[in-house]
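Okay, here's what each chain looks like letter by letter:
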Amino acid sequence: MYFDDSPYAGQLLFDPQEDKIMPETKAISSAMASFLFMELKFDLQSNAFFRELLPSLQNNFENMEVKKPNIDESWYQVLRPQFEAPYFADLKSFLVSEKRQYAVYPPGPLIFNAFNLTPFDKVKVVILGQDPYHGPGQAHGLSFSVPDGVPFPPSLQNIFKELHDDLGVPMARSGNLEKWAREGVLLLNASLTVRAGQAASHSRHGWEQFTDAAIRALSEYREHLVFILWGNYAIAKQALIDPFKHLILKSVHPSPLSASRGFFGCHHFSQTNKYLIQNGIGPIDWSLP
């Protein structure tokens, strides 16, 4: 028996002719326990190969902890029930399968970038998107944002135009919105990953349940936040938000297909800062380098 898609690729771990585990397998059994049990979800009692390993690995299983996701600690505490829910295990399995067959954006370390740059207790504003950009090098875990040096997508160009018309902010030279994130703007997509070249390809696989939980938590446990909802998809999320505790700003999407029907002239950036100041919260510095 060989494992072709594992840390042990190419190693003979079980000799079917001898019906026994190879010595090399026992030598790496501690590391192998984590891979077999946590990643492949094997039932170790199901056959002789794994039953022979089980006694020597029992202590490893008892001491083994589920790997913590790469997400800010404040968000981890809020969203921990989601990480432990069955649907999230299914989501992880789906992502593993997708990555074996396709390019997936953004890169793994940036999936929770929005949460890591804007901790739960630092959020002032939420701008909701649908899913990441699906072109090479565009997505980096923040809604509407692209890394430095990447051409502005059309919706982002229109966002900058409205920002300039609303507050007189100079047109940005970069589409990287990390500065906004550090100012307290949670740039959250409903789906946190996407298959290359296929918009919405990772929708309805669990991400929406996860990000809905994040929105509900902000609505319930925080006060005087501004939720900016552009387009029908985002506007549908208003059902998750308490309008008596927060300001909800809505308009059509900044896409060129709709921006002229109500996005331009919506003044959401100035309205956001007016509301924050009225509630004793520092305004957002929307300027970008």
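Rules used throughout
Residues numbered from 1 in each chain as written. Predicted model: local features only at pLDDT ≥ 70, side-chain atom pairs only at ≥ 80, totals over all residues. Heavy atoms only, no water. Helix = DSSP H or I, 4+ residues; strand = E, 2+ residues; numbered from the N terminus. Buried < 20%, exposed > 50% of the residue type's maximum accessible area, 1.4 Å probe, protein only. Contact = heavy atoms within 4.5 Å. Areas by Shrake-Rupley, 256 points an atom, 1.4 Å probe, with all protein chains shown as cover. Pairing = 2+ DSSP bridges. Axes fitted to C-alpha atoms, helices over the stretch in contact; angles between N-to-C directions. Polar contact = N/O pair within 3.5 Å; in protein donor to acceptor, adjacent residues only side chain to side chain. Core = buried A, V, L, I, M, F, W, Y, C linked by side-chain atoms within 4.5 Å. Arc of directions from axis to C-beta.

## A few points about the overall build of the protein chain
When helices and strands are tallied, the protein chain shows 11 helices and eight strands. Looking at the protein chain as a whole, 49% of its 289 residues qualify as buried. Taking as baseline every contact in the protein chain between residues at least 6 positions apart, the subset at least 24 positions apart corresponds to 64%. When the accessible surface of the protein chain is totalled, it reaches about 14,500 Å², and 52% of it is carbon and sulfur.

## Here's the deal with the sheet that holds strand β8 (residues 247-251)
The parallel open sheet is built from four strands, whose spatial order is β5-β4-β7-β8. The sheet is open, and its two edges are formed by β5 (185-189) and β8, each paired on a single side. Taken pair by pair, the neighbouring strands of this sheet meet at an average axis angle of 20 degrees, ignoring direction. With five bridges connecting them, strand β7 (residues 226-230) and β8 associate as parallel partners. Across the sheet, L229 pairs through a bridge with K250, a residue of β8. Of the strands in this sheet, β4 (125-129), β5 and β7 are in contact with helix α9 (residues 207-221), which crosses β5 at around 150 degrees.

## Observations concerning the side chain of S174
Within the secondary structure, S174 is located in the loop between α7 (154-167) and α8 (178-183). Classification of S174 as buried rests on a relative accessible area of 13%. For S174, the side chain forms a polar contact with the side chain of D148, separated by 2.5 Å. At 3.1 Å, the side chain of S174 forms a polar contact with the backbone nitrogen of N176. Once you skip the residues sitting within four places of it in the chain, S174 turns out to touch D148, F152, F160, L288 and P289.

## As for the nonpolar core
Generally speaking, nonpolar side chains in soluble globular proteins are found buried as a group. W75, F112, F115, I127, W180 and F210 are the most contacted members of the largest nonpolar core, which totals 69 residues. With sequence-adjacent residues up to four places away left out, F112 is seen in contact with P69, N70, I71, F83, F88, L192, W207 and F210.

## Description of helix α11 (residues 268-278)
Of all the positions in α11, only H268, F269, T272, N273, Y275 and L276 are classed as buried. Buried residues in α11, looked at end-on, bunch into an arc of 160 degrees, giving them a common side. Counted as exposed and oriented over 90 degrees from the buried face of α11: K274, I277 and Q278. Against β4, α7, α8, β7 and β8 lie the buried residues of α11. A positive backbone phi angle near 70 degrees is found at G280, which sits one or two residues after α11.

Honestly, it's all geometry; don't read function into it.
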